[in-house]
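Structure at a glance
So the chains spell out like this:
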Amino acid sequence: MDILDKHYRTEDHVFIYDNATTHKKCADDALSARHMPKYPPNPNGKGRKKGENWGVKVPLLGPNGNVIHGSDGKVVKVFKKMADAQFSDGRPQPLYFPDDHPQYPGLFKGMAVILEERGFSNARSLKAECKGFKCAPGITDCCCQRILFNQPDFVGVKSLLEDVCERRGYRVIFLPKFHPELNFIEMCWGYAKRVYCQFPISSDPMILEKNALAALESIPLLSMRRFSNRSLRFMDGYRCGLNGSEAIWAVKKYHGHRCLPPELVHEIEFERKKAAATS
Ligand SMILES: [Zn+2]
């Protein structure tokens, strides 16, 4: 983003990432309806430990930003309040009572109150959650957790990556899972790996690093453009309704194109009918 800010300020940039868990990771305190209790913790100590608030456990970071490990080797975690939710009109909805609340100072409101504040007056009469959160298919108002789970602010929680990029004015798109053919950088890795394998075997980390950089540097710009066009053709093929093997066939057949020709759909239809007639 720093490079784009510096050299390509006037362009409109979209970052494309694959659907890896690391790319989709949300902030530790991001909204999540799972595991929320229905009512505030009892300040007098029944149920939860006395005074224990509900929130998320986040790793404790040292001064250098690294996680801290306890004597048992486990990462030390500390309590953090969940981030504010948002009403449909955009106002923030704190999930915790104010610190000067007479009954529940600073404590988690619980799903019933959160829903009541959103106009669900029957929230107290609903179950906290259906067993194992396995609600009946198609039903969206069976339990507090299901209703909250489907609220726009809970659905639209952004990943850390999206958040960082969008705050700086860059749009992010995630590719569908298990479709590396849509991500042309995968073909670049493939090219670099082929080159890397041709270097003599070595166990010296310095040489290996040099080889890796040389392999990455070796990918010609023209090849990158071809890989990019190949991914665009796959995208076009899927948009036309082709399945995996049809898309592979079409991408190969029209390898000089950025997108697939419009008559392709008719051609595929014809081939499908022919195949159906002969089977
Ligand atoms: Zn339910």
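As a reminder, the structure under discussion sits directly above these lines.
The following refers to the structure shown. (Residues numbered from 1 in each chain as written. Predicted model: local features only at pLDDT ≥ 70, side-chain atom pairs only at ≥ 80, totals over all residues. Heavy atoms only, no water.)

Comments concerning the pattern of salt bridges
- Overall, the coordinates contain 16 salt bridges when judged by the stated rule.
- Of the charged contacts, one joins E117 and K109 as a salt bridge, the two residues approaching to 3.1 Å between their closest N and O atoms.
- Its salt-bridge partner being E166, residue K158 comes within 3.2 Å of it at the nearest N-O pair.
- For E166, a relative accessible area of 34% puts it in the partly exposed group.
- Here the salt bridges do not stand alone but share partners, grouping D2, D5 and R168 into one network. (Salt bridge = Lys/Arg side-chain N within 4 Å of Asp/Glu carboxyl O. Buried < 20%, exposed > 50% of the residue type's maximum accessible area, 1.4 Å probe, protein only.)

Description of the coordination of the zinc ion
- All of the protein donors around the zinc ion are C130 (SG), C135 (SG), C142 (SG) and C143 (SG); their distances to the metal are 2.2 to 2.3 Å.
- Classification of the site at the zinc ion rests on its four donor atoms, whose angles at the metal span 103 to 118°, yielding the label tetrahedral.
- Each donor residue of the zinc ion belongs to the same chain, and together they define the spacing C-x4-C-x6-C-C. Taken together, the positions of C130 in the loop between helix 3 (111-117) and helix 4 (144-149) and C142 in the loop between helix 3 and helix 4 put the pair twelve residues apart, joining distant regions of the chain. With respect to class, C130 is no different from C142; both count as buried. (Donors = N, O, S within 2.8 Å, 3.2 Å for Na, K, Ca; no water. Tetrahedral: all angles 85-135°; square planar, octahedral: opposite > 155°, others 65-115°. Helix = DSSP H or I, 4+ residues; strand = E, 2+ residues; numbered from the N terminus.)

A few points about the side chain of N211
- Within the fold, N211 resides in helix 8 (residues 205-217).
- Classification of N211 by relative accessible area gives buried; the value is 8%.
- Among all residues touching N211, those that are not within four sequence positions of it are Y196, F199 and P200. (Contact = heavy atoms within 4.5 Å.)

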